[in-house]
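Inside the fold
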Amino acid sequence: MSFSTDVKSELVKYALSVRESGQMKPCCMQTETYALFLFCRAFSAGEMGLKTEHKDIADLYASAVRDMTGHRPKRERTAGGKYRVVVEDPIGRQAILSEFGYSGNEVNRRLNTGLLQCENCRAALLRGAFLTSGTITDPEKDYHLEFVLGTKSLCMDLSGLLTEVGLPPKYVQRNGAHVLYYKDSESVEDLLTLMGATEATLELMGTKMYKDMRNRVNRRMNFENANSTRTFDAAYRQIEAIRYIEQKRGLQSLSPELRELAKLRVENADYSLKELGENLSEPISRSGVNHRLQKIMEYADELRLIEKNKKS
Ligand SMILES: [Zn+2]
């Protein structure tokens, strides 16, 4: 699965969980549904439907159609394996348009900002927009998130909204489509967080940390032998575990001697076990350091397991 697919699955899961737990206000629910319709290629009196690679998104769209029109829309798989949902009934299309404040005779497709009633409605709209028109590149390759839209007027309205939330995008026209995009990791992280994809944000931050660390360590170490690459990967996994503990429970949840070692490890990615041991307030041996790091890793694994069980 691609990173983009993972992010969308996470967003759908997030949207469903906040809906089911009653944490999402009716205005935000309506806005999110609205975005699923609005940012699709077809949203007019003559044609309305969604084409997506994601079954979850097709399900969301189809159930919204059923709720608003009382009828199940037509569903099919395209030759390329995509999911297509089509609102075939003209009366149904009209009902959906008027639900969102459209007559069906609009010349340009615009964002109806009147539907956005609270602060969180913006996040809900962006989530819906990303689900239907967004993609994100695997951060291992590049930091890049974009929305691809068929209509310039709608593209500019979305750009305005993104600017309002403090994330002004860049714009480019590509093959007749209107594209809003970000190439800096901070904006991508902020937008993912705003939309509710915290796991994806963590992954992106982890990848960034890995790259930064690798560059930093590279300057000091010689990576030509496999041994130092292994050392580096071990250090990286330890740091990732420590960050995870910090994020979920705080480093105070560690005993004082583990906490001191954790801090030393994070601050000195390039230290060997021997160097770590020598720099503790009460120096210990290489194997002592190894033993303590093992404990830290095991604790992080326990926390990950707890998180995993919470989700399923
Ligand atoms: Zn709202």
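The shown structure was predicted, so the numbers you read here are calculated from the model rather than taken from an experiment. (Residues numbered from 1 in each chain as written. Predicted model: local features only at pLDDT ≥ 70, side-chain atom pairs only at ≥ 80, totals over all residues. Heavy atoms only, no water.)

Attention now goes to the overall build of the protein chain. When you go through the protein chain residue by residue, the secondary structure sums to 12 helices and eight strands. Buried positions account for 46% of the 312 residues belonging to the protein chain. Within the protein chain, residue pairs in contact and separated by at least 24 positions form 61% of the contacts whose partners lie at least 6 positions apart. For the protein chain, the exposed area adds up to about 16,500 Å²; of that, 47% sits on carbon and sulfur atoms. Here the protein chain holds 46 positive side-chain charges and 43 negative ones, and the gap between their average locations is 2 Å. (Helix = DSSP H or I, 4+ residues; strand = E, 2+ residues; numbered from the N terminus. Buried < 20%, exposed > 50% of the residue type's maximum accessible area, 1.4 Å probe, protein only. Contact = heavy atoms within 4.5 Å. Areas by Shrake-Rupley, 256 points an atom, 1.4 Å probe, with all protein chains shown as cover. Lys, Arg positive; Asp, Glu negative; His and termini not counted. Charge placed at Lys NZ, Arg CZ, Asp CG, Glu CD.)

One key point about sheets: their strands pair by backbone hydrogen bonds, in either a parallel or an antiparallel sense. Strand order in the open sheet formed by four strands is β1-β2-β4-β3, and the pairing between neighbours is antiparallel. The outermost strands of the open sheet, each flanked by one partner alone, are β1 (42-43) and β3 (74-77). Of the strand pairs in this sheet, β3 and strand β4 (residues 83-86) are connected by four bridges, and their pairing is antiparallel. Its bridge partner lying in β4, R77 is registered against Y83. Here helix α3 (residues 55-69) sits on the sheet in contact with β2 (48-52), β3 and β4, set at roughly 165° to β2. (Pairing = 2+ DSSP bridges. Axes fitted to C-alpha atoms, helices over the stretch in contact; angles between N-to-C directions.)

Before going further, it helps to examine the coordination of the zinc ion. For the zinc ion, every protein donor is listed as C27 (SG), C28 (SG), C118 (SG) and C121 (SG), and the spread of their distances is 2.3 to 2.4 Å. Given four donor atoms and angles of 95 to 119° at the metal, the environment of the zinc ion is assigned as tetrahedral. Counting residues between consecutive donors of the zinc ion along the chain gives the motif C-C-x89-C-x2-C. Of this pair, C27 sits in helix α2 (residues 26-38) while C121 sits in helix α5 (residues 119-133), and the two are 94 residues apart along the sequence. C121 gets classed as buried once you look at its relative accessible area, which sits at 0%. (Donors = N, O, S within 2.8 Å, 3.2 Å for Na, K, Ca; no water. Tetrahedral: all angles 85-135°; square planar, octahedral: opposite > 155°, others 65-115°.)

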